[in-house]
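Understanding the architecture of this molecule
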Amino acid sequence: MNLPTLLLVDDEMGVRESLKMVFSKGYQLLEADSVESAVAKVGEAHPDVVLLDVLMPKSDGLQVLRRIKQIHPHCAVIMLSGINSQQLAEKAIESGAFGFIGKPFDVAELRQKVACAVEHVAAQTP
């Protein structure tokens, strides 16, 4: 059985390292530190789930979300943000995000959300 692929997108290395520790078992991990790298990796690897920082240099995370969904519509994108706002979370969901989690994130909540996203993608994939 192939492991689900998880793309970790954050411009802060510390956040990516924390996420790698959380998801080191049970997932094939990819990472990107920029919008350009993230979009390229989505096109190349077609990850099952993307954990995407909302505040990225040179681009708004919601714009990146829309680009990812255009390239790979079945991908589940979970937005991560230090700005924990209900309005931002609603905009993310309206733009096609599978979920929204504030930073600092609760590890159990994040693991659960990613597991649900993987199940959702598996159910949609023909």
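Here we summarise the structure given alongside this text.

**Overview of the environment of Val49**
Here Val49 lies in strand S3 (residues 49–53). Measuring from C-alpha to C-alpha, the distance between Val49 and Ser18 comes to 17 Å, with 31 residues separating the pair along the chain. For Val49, the residues in contact, after removing those within four places along its chain, are Thr5, Leu6, Leu7, Cys75, Ala76, Ile78, Val114, Ala117 and Val118.

**Observations concerning the nonpolar core**
Within the largest apolar cluster, 23 residues are counted, with the highest numbers of intra-cluster contacts made by Val9, Val50, Leu52, Ile68, Val77 and Met79. Elements supplying a minimum of two residues to this core: strand S1 (5–9), helix H2 (35–45), S3, helix H3 (61–71), strand S6 (76–81) and helix H4 (86–94). Formed by 19 residues, the second largest nonpolar core is a distinct cluster that contains Leu8, Leu19, Leu51 and Val121.

**Describing the sheet that holds S6**
Spatially, S2-S1-S3-S6-S7 is the arrangement adopted by the 5 strands of the open sheet, whose pairing is parallel. Both edges of this open sheet fall to strand S2 (28–32) and strand S7 (99–102), since each of them pairs with a single strand only. Between one strand axis and the next, the sheet turns by 20° as a mean value, whatever way the strands run. Across 4 bridges, S1 lies against S3 in parallel orientation. Across the sheet, residue Leu7 finds its bridge partner in S3, namely Val50. The strands touched by helix H1 (residues 13–22) are S1, S2, S3 and S6; relative to S2, the strand with the most contacts, the crossing angle is about 175°. Contacts from H4 reach S6 and S7, with the element oriented near 150° to S7.

Cut-offs and rules
Residues numbered from 1 in each chain as written. Predicted model: local features only at pLDDT ≥ 70, side-chain atom pairs only at ≥ 80, totals over all residues. Heavy atoms only, no water. Helix = DSSP H or I, 4+ residues; strand = E, 2+ residues; numbered from the N terminus. Contact = heavy atoms within 4.5 Å. Core = buried A, V, L, I, M, F, W, Y, C linked by side-chain atoms within 4.5 Å. Buried < 20%, exposed > 50% of the residue type's maximum accessible area, 1.4 Å probe, protein only. Pairing = 2+ DSSP bridges. Axes fitted to C-alpha atoms, helices over the stretch in contact; angles between N-to-C directions.

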